[in-house]
Amino acid sequence: MNSILVIGASRGIGLELVRQYTDAGRRVIATVRDDAGRERVLALGAEALTVDVANPASVSGLAWQLDGEKLDLALYVAGVIRRPNALTPPTQQDFDAVMHTNVLGAMQAIPQVAPLVADAGGVFAFLSSSMSQIGSVPNSGSWLYRTSKAALNMAVAAAQHDYPGATLVTIDPGWVQTDMGGGGAPLTVEDSVRGLRSTLASVTTADKGRLLHHDGRRAVHW
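None of these values were measured; they are calculated from a predicted model. (Residues numbered from 1 in each chain as written. Predicted model: local features only at pLDDT ≥ 70, side-chain atom pairs only at ≥ 80, totals over all residues. Heavy atoms only, no water.)

Trainee: Explain the packing of aromatic side chains here, please?
Mentor: The description of an aromatic ring pair uses the distance of the two centres, along with the angle that the planes make with each other. In total, this model carries two aromatic pairs according to the counting rule given. Look at Phe-124 and Phe-126: their rings are 4.3 Å apart centre to centre, the planes differ by 35 degrees, and that puts the pair in the tilted class. There is no split in this pair, since Phe-124 and Phe-126 are both buried. Ring pairs connect the aromatic residues Tyr-76, Phe-124 and Phe-126, which therefore count as one cluster. Geometry around Tyr-21 places Arg-197 over its ring, the cationic atom sitting 5.1 Å from the centre. (Phe/Tyr/Trp six-rings, centres within 6.5 Å; stacked < 30°, edge-to-face > 60°. Buried < 20%, exposed > 50% of the residue type's maximum accessible area, 1.4 Å probe, protein only. Lys NZ or Arg CZ within 6 Å of the ring centre and 35° of its normal.)

In structure tokens form, the structure reads like this:
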């Protein structure tokens, strides 16, 4: 049995993915950005790698840490939000924080991880959002956050051509009780992850480059 990789597993949805997959008896490799995240991941019985997706130098070391692995499933869960709206331009600091984590980190991970997924004929999934989903919720982040998710969707779809042996998809976890959704969101982290796992288990090669939803729906467009 090949491994599952969760990139961005320090807490929230990433940590819950680790919990549910290890509970199901799968070997899970998880990336964390600090010692606290490492302790949480190790306590669940997973293996931990230290990677900070906001730091290009850190992400660039992922390939050698995964040397020799075959991955049935890889998930890019890392993300960051900023609240400013479109009334003022984003600062360079906010732009770098959001785009490095949500987009550039994923684009740096793809050439390192996708070949390991292709070797196993597996799936590489990136947590994202459809524009209709985040646009319908008043506190759905910012102009910059929405821009980063649109860019991520396009980056994954465009990369699919270069990795025909892997199935690359983006997947919407729903409106979840996390930093963004808050306590009033309709989905718990546990329920969202159960839905994500069910959807990912049903992925076929026909889904390549598509946006999926935690409830199994396939998006016609972003």
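Trainee: I keep staring at the nonpolar core and nothing clicks. Help me out?
Mentor: In globular proteins that are soluble, nonpolar side chains generally tend to be buried together. If you look at the biggest cluster of nonpolar residues, it comprises 30 residues, and the most contacted ones within it are Val-6, Ile-13, Leu-17, Tyr-21, Val-41, Leu-75 and Leu-200. At the level of elements, strand E1 (3–7), helix H1 (12–23), strand E2 (28–32), strand E4 (71–76), strand E5 (123–127), strand E6 (167–172) and helix H8 (189–201) are the ones that each hand at least two residues to this core. Ignoring any residue separated from it by four or fewer positions in sequence, one finds Leu-17 in contact with Val-6, Leu-75, Val-77, Val-193 and Arg-197. Listed in part, the 28 residues of the second largest apolar core include Leu-62, Leu-66, Ala-74 and Leu-152. (Core = buried A, V, L, I, M, F, W, Y, C linked by side-chain atoms within 4.5 Å. Helix = DSSP H or I, 4+ residues; strand = E, 2+ residues; numbered from the N terminus. Contact = heavy atoms within 4.5 Å.)

Trainee: Which parts of the structure should I look at to understand the packing of helix H5 (residues 92–119) against helix H7 (residues 143–159)?
Mentor: Helix-helix packing is characterised by the crossing angle of the two axes and by the distance between the axes. The contact between H5 and H7 brings their axes to 10 Å, and the two run at 15 degrees. Comparing the axis directions of H5 and H7 gives the class roughly parallel. The way H5 lies across H7 gives a crossing that is right-handed. Here H5 contributes Asp-94, Phe-95, Val-98, Met-99, Asn-102, Val-103, Ala-106, Met-107 and Ile-110 to the contact with H7, which in turn contributes Leu-144, Tyr-145, Ser-148, Lys-149, Ala-151, Leu-152, Ala-155 and Ala-159. (Axes fitted to C-alpha atoms, helices over the stretch in contact; angles between N-to-C directions. Parallel < 35°, antiparallel > 145°, perpendicular 65-115°, else oblique. Left-handed = near helix turned anticlockwise from the far one by under 90°.)

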